[in-house]
Amino acid sequence: MTVIEGNKRKQDWTLFCHNLGFIKMICVREVGSMAIFLLSRRDVASLFPSLCPHHRHHLVFFFNPLLPSWINFPIVLFRDMGLAREYEFLTEIGLGPRNVGGYINGVWKACGPVVSTVNPANDQVIAEVVEASIEEYEEGMQACFDAAKIWMQVPAPKRGEIVRQIGDALRDKLPQLGRVVSLEMGKILPEGIGEVQEIIDMCDFAVGLSRQLNGSIIPSERPNHMMLEMWNPLGVVGVITAFNFPCAVLGWNACLALVCGNCVVWKGAPTTPLVTIAMTKVVAGVLEKNNLPGAIFTSFCGGAEIGQAIAKDNRIPLVSFTGSSKVGLMVQQTVNERYGKCLLELSGNNAIIVMDDADIQLAVRSVLFAAVGTAGQRCTTCRRLLLHESIYQKVLDQLIEVYKQVKVGDPLEKGTLLGPLHTAASRNNFKNGIEVIKSQGGKILTGGSVIESDGYFVQPTIVEISPSADVVKEELFAPVLYVMKFQNLKEAIKINNSVPQGLSSSIFTRRPDIIFKWIGPLGSDCGIVNVNIPTNGAEIGGAFGGEKATGGGREAGSDSWKQYMRRSTCTINYGSELPLAQGINFG
């Protein structure tokens, strides 16, 4: 039985009533987004057993006390759950006004809490999602664990073909998927489309990789012996992603995990469930078309309870977690207690250094994108700008001028450069952070205020502050840029390396000697060390990740694939003697 979902116009009510199987039903009138019906008690009684508990709030009953009990017809109000006109494009990627947030053993099901996902640009509800319960997690996880035994036996190039098809399916829906990323997360549309393109690029990378999962042949010191390395799948890879890149980080992990022969269990961010569902529908469609078990890719919308279950689950040998350093440390401790492995992509506190010989125009453009892009909510956002004292004011004046020209507004509108922060809590964190900055001697050069609107907008902000201020050591997830002076390269590198985090860094200079010192052993201590480009916007061909409190994980390109496989060193004796290593004579 289908409880009302979708936008029901007046002419649709009769059909809807017929589908529910009611014999006697009178539509009294429509009231706004509701319709009032008269039902017999028999029909009402037959309705309740067929309803999943999370649907029952659609029904409100009123009994007319003036009528005799034997003709006491209840009036039933069905809530109209239609999508707003501006959200109707969601139907093109399989989304509706109410969505099931669990893909379990090839079936969409969920009976957990019902949550509303909100447009951060106007604080309006986009749609509702039924989250998965912990019981459904167990059902889905067991099916995924069982499916791994099938998937790992599929030849790697054949697995690559499935990932290729996933990439093609994403291409077919690129505009719509990019739009839902922007709508739900709040990043501007070019960034939303770019995020989905990043997964497509990862699919392409993984397809080639599927024919290059090579081991090594190692010379043996013993006669008639051969040593070699074998790479085998782990089984199941757990992926827990964050709101700021609600699907790209999935792509970094899932594309590699799948071609390496692993099944994937994904818990998307609780505040971007529509992206989770839309992406899963794409993958599920490819698996179904190829007659493969749906459990190969299992996904859940849910909160901390699902994430904790993944971290504790012995059936998941590798867990990739993206989020704050605080939560990442807890995940790592939980996984380590069961001797599992973690890939951590945690906080960043990234610096750009501008030397006295730098191309200032290039540097200013780079800083603008690095500090303002995604409303300062990338882990690779530039949060600290280190300017050589001889060019300090010149760079600062130009930067303040371009900040004042940044268009703030609806991320789906053309020309917008700065969308909203993701949640009301994020906006409050910005507001509180500004007060802390001021209390520690920070001087607001531009911005610094919340923009009064229905959405979660704030001003792009530049702060002049000492590098020794405590607040500079922390990550404020907002478009706030700290600027500070330095006298020489040694001092600049010291400031760059002085924070707990170690994700991304960049220097602007034309001098080769400075470049090679910067990328060398006494240079930046970050996992990403750039020259003459921003700290953000990494390509998928290189391994992505950072050091220190950023977690040490590496995902996406280069040889990151090795983390998704089990390496075995194999020694084969093809002779009839038993020589021992190191020349040992044992009897």
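These numbers come from a predicted model, not from an experiment. (Residues numbered from 1 in each chain as written. Predicted model: local features only at pLDDT ≥ 70, side-chain atom pairs only at ≥ 80, totals over all residues. Heavy atoms only, no water.)

Details of the overall build of the chain
Right, on to step 1. When you go through the chain residue by residue, the secondary structure sums to 15 helices and 27 strands.
Right, on to step 2. Put simply, 70% of the contacts in the chain that link residues at least 6 apart link residues at least 24 apart.
Right, on to step 3. Accessible surface computed for the chain: about 25,800 Å², of which carbon and sulfur atoms make up 54%. (Helix = DSSP H or I, 4+ residues; strand = E, 2+ residues; numbered from the N terminus. Contact = heavy atoms within 4.5 Å. Areas by Shrake-Rupley, 256 points an atom, 1.4 Å probe, with all protein chains shown as cover.)

Examining the UniProt feature "active site" (unreviewed entry) in the chain
Right, on to step 1. Summarizing the sequence annotation, UniProt attributes the feature "active site" (unreviewed entry) to Glu345 in the numbering used throughout.
Right, on to step 2. By the element assignment, glutamate 345 lies in strand 15 (residues 341-345).
Right, on to step 3. Look at glutamate 345 and you get buried, because its relative accessible area is 4%. (UniProt positions renumbered as here; feature names shortened; annotations may be inferred. Buried < 20%, exposed > 50% of the residue type's maximum accessible area, 1.4 Å probe, protein only.)

Some remarks on unusual backbone geometry
What you tend to see is this: most non-glycine residues have negative phi, and most peptide bonds are trans.
Right, on to step 1. You will see that asparagine 105, though not glycine, has its phi angle at about 55 degrees, which is positive.
Right, on to step 2. The topology assignment puts asparagine 105 in the loop between strand 5 (98-104) and strand 6 (107-108).

Quick notes on the pairing of strand 17 (residues 382-388)
Note on strand geometry: in a regular strand, side chains alternate between the two faces of the sheet.
Right, on to step 1. Within strand 17, 7 of the 7 residues are buried, which leaves it mostly tucked inside the rest of the structure.
Right, on to step 2. One crossover worth recording links strand 16 (residues 350-354) to the parallel strand 17 by way of helix 11 (residues 360-372), and it is right-handed.
Right, on to step 3. Judged from the 5 bridges that link them, strand 17 and strand 20 (residues 480-486) form a sheet pairing that is parallel. If you follow leucine 386 over to strand 20, its bridge partner there is methionine 484. (Right-handed = clockwise from strand over helix to strand, strands pointing away. Pairing = 2+ DSSP bridges.)

A word on the packing of aromatic side chains
Aromatic ring pairs are defined here through the distance separating the ring centres and the angle between the ring planes.
Right, on to step 1. Under the definition given, this model contains 6 aromatic pairs.
Right, on to step 2. Aromatic side chains phenylalanine 243 and phenylalanine 477 sit 6.0 Å apart centroid to centroid with 85 degrees between the ring planes, which places their arrangement in the edge-to-face category. With a gap of 234 residues between them, phenylalanine 243 in the loop between strand 11 (236-240) and helix 7 (248-259) and phenylalanine 477 in the loop between strand 19 (461-464) and strand 20 connect regions that are remote in the sequence.
Right, on to step 3. When the ring centre of phenylalanine 245 is taken as reference, the NZ or CZ atom of lysine 187 above it lies at 3.7 Å.
Right, on to step 4. Looking at lysine 485, its charged tip hangs above the ring of tyrosine 392, at a distance of 4.8 Å from the centre. (Phe/Tyr/Trp six-rings, centres within 6.5 Å; stacked < 30°, edge-to-face > 60°. Lys NZ or Arg CZ within 6 Å of the ring centre and 35° of its normal.)

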